[in-house]
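Structure at a glance
Below, each chain spelled out in residue letters.
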Amino acid sequence: MKKRIAVFASGFGSNLQALIDYIKGNDLNGDIVLVFSNNKDAYALNRARKNKIKAVFMDSSGYNTRKQYDTKIIELLEDEKIDLVVLAGYMFLLSQEFVRKFKNKILNIHPALLPSFKGTHGIKDAYEYGVKVTGVTVHFVDEGLDSGPIIIQQSVDIDQNESVEELEEKIHRIEHKIYPLAVKYFCEDRLKINGKKVKISNKK
Ligand code: GRF
């Protein structure tokens, strides 16, 4: 059975687009059936509509707590029988309840080599720190901040003359390559989590 994927995005949605494109051209054993956003102006919602994917915006301001907001989102995901939640620039922290409900079924992409440079400015923080190597991490989401089991990492050198914008471009190119791969592995049931470690098995 093909996995039913929900992508959560708050902004531009280039990772969503990369996944849409990958699914069109490759065998992935999953379909994006929902794009969800907490931001009504997210360009990611347009990308979904253009590709005939259900696009849902929910305004969080009507809810007193994150838990109440997430309860509504959980209802939506249950209605849609979602197997996998892919966070792609979702700039809103998930509640513990949400993470527990979808334990080991939420992926995130982070634009640095975790556990370095956690948080919302992974690229700029690495650039300003002066590290010579940074990269991209795809990981499962747990209750901590950018702390779940790591699925794929790819490094990139920071050249001494490059601008932060150039580095951003390099990072995004890597993101668009490795995120679809991690989603593919998940959809083929090839990811085995053992504590903090994730093993990727060969295709059956
Ligand atoms: C990406 O850099 C991702 O690593 C981070 O948020 C950004 C989202 O970009 N979590 P986009 O909306 O997919 O273009």
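Up top is the structure these notes are about.
Description of the structure in this document. Not measured: the values here are computed from a predicted model. (Residues numbered from 1 in each chain as written. Predicted model: local features only at pLDDT ≥ 70, side-chain atom pairs only at ≥ 80, totals over all residues. Heavy atoms only, no water.)

**Thoughts on the site of the ligand**
Here is the rule we go by: Consider each residue's heavy atoms; a residue with any of them within 4 Å of a molecule or strand counts as near. Each polar contact in these results corresponds to two N or O atoms within 3.5 Å; when the atoms are within protein, one needs to be able to donate a hydrogen and the other to accept it, and residues that are neighboring in sequence are counted only if both atoms are side-chain atoms. Every accessible area reported is derived by Shrake-Rupley at a probe size of 1.4 Å, with residue values counting cover from the shown protein chains alone. Starting at the N terminus, helices and strands are each numbered in turn, a helix being any DSSP run of H or I of at least four residues and a strand any DSSP run of E of at least two. Gly counts as polar in this scheme, as do all residues outside two lists: the nonpolar Ala, Val, Leu, Ile, Met, Phe, Trp, Tyr, Cys and Pro, and the charged Asp, Glu, Lys and Arg.
In the neighbourhood of the ligand, the contacting residues comprise Phe12, Gly13, Ser14, Asn15, Gly89, Ile109, Pro111, His172 and Glu175. Within the backbone of Gly13, a nitrogen or oxygen atom sits 2.8 Å from an oxygen atom of the ligand. In the model, an oxygen atom of the ligand is placed 2.3 Å from a nitrogen or oxygen of the Glu175 side chain. Protein coverage of the free-state accessible area of the ligand, which is 360 Å², stands at 83%. Put simply, the parts of the chain that give the shell around the ligand at least two residues each are helix 1 (14-25) and helix 6 (164-187). Along the lines of polarity and charge, the residues of the shell around the ligand split into three nonpolar, five polar and one charged.

**Here's the deal with a negative patch on the surface**
Test applied: Two distance rules govern patches: like charges are joined within 9 Å, and nonpolar side chains (Val, Leu, Ile, Met, Phe, Trp, Tyr) within 5 Å, applied only to residues with over 30% relative accessible area and no salt bridge. Every case where a carboxyl oxygen of Asp or Glu lies within 4 Å of a side-chain nitrogen of Lys or Arg is listed as a salt bridge. Positive residues here are Lys and Arg, negative ones are Asp and Glu, while His and the chain termini are left out of the count. Taken as the charge location is NZ of Lys, CZ of Arg, CG of Asp or CD of Glu.
A contiguous patch of negative charge on the surface is contributed by Glu165, Glu166, Glu168 and Glu169. Mapping Glu165 onto the fold places it in helix 6.

**Let's talk about the nonpolar core**
Going by this rule: By convention a nonpolar core is built from buried Ala, Val, Leu, Ile, Met, Phe, Trp, Tyr and Cys residues, the set being connected through side-chain atoms within 4.5 Å. For each residue, the accessible area found with a 1.4 Å probe, counting protein chains only, is set against the maximum for its type, and the residue is called buried under 20%, exposed over 50%, and partly exposed in between. Residues are treated as being in contact if the distance between any of their heavy atoms lies within 4.5 Å.
Within the largest apolar cluster, 42 residues are counted, with the highest numbers of intra-cluster contacts made by Ile5, Val7, Ile32, Ile151 and Val183. Considering each element in turn, this core owes the most residues, 11 residues, to helix 6. Contact partners of Val7, with chain neighbours within four places excluded, come to Leu16, Leu19, Ile32, Leu34, Val35, Phe36, Val86 and Ala88.

**Concerning the packing of helix 1 against helix 6**
Counted only if it meets this: To get an axis, a line is fitted to the C-alpha atoms, and for a helix only the part in contact is used. The angle between two axes follows their N-to-C directions and goes from 0 to 180 degrees. When an angle is under 35 degrees it counts as roughly parallel; over 145 it counts as roughly antiparallel; between 65 and 115 it counts as roughly perpendicular; any other value is oblique. A crossing counts as left-handed when the near helix is turned anticlockwise from the far one by less than a right angle, and as right-handed when that turn is clockwise.
At a minimum axis distance of 9 Å, the contact between helix 1 and helix 6 shows a crossing angle of 60 degrees. Considered as vectors, helix 1 and helix 6 are oriented oblique to each other. Regarding helix 1 and helix 6, the two cross each other, and that crossing is right-handed. Side by side, helix 1 and helix 6 meet where Ser14, Asn15, Ala18, Leu19 and Tyr22 of the first sit next to Glu175, His176, Tyr179, Pro180, Leu181, Val183 and Lys184 of the second. Each residue belonging to the contact of helix 1 with helix 6 can be placed in one class, and the counts come to seven nonpolar, three polar and two charged.

Bear in mind that shape data such as this cannot, by itself, settle questions of function.
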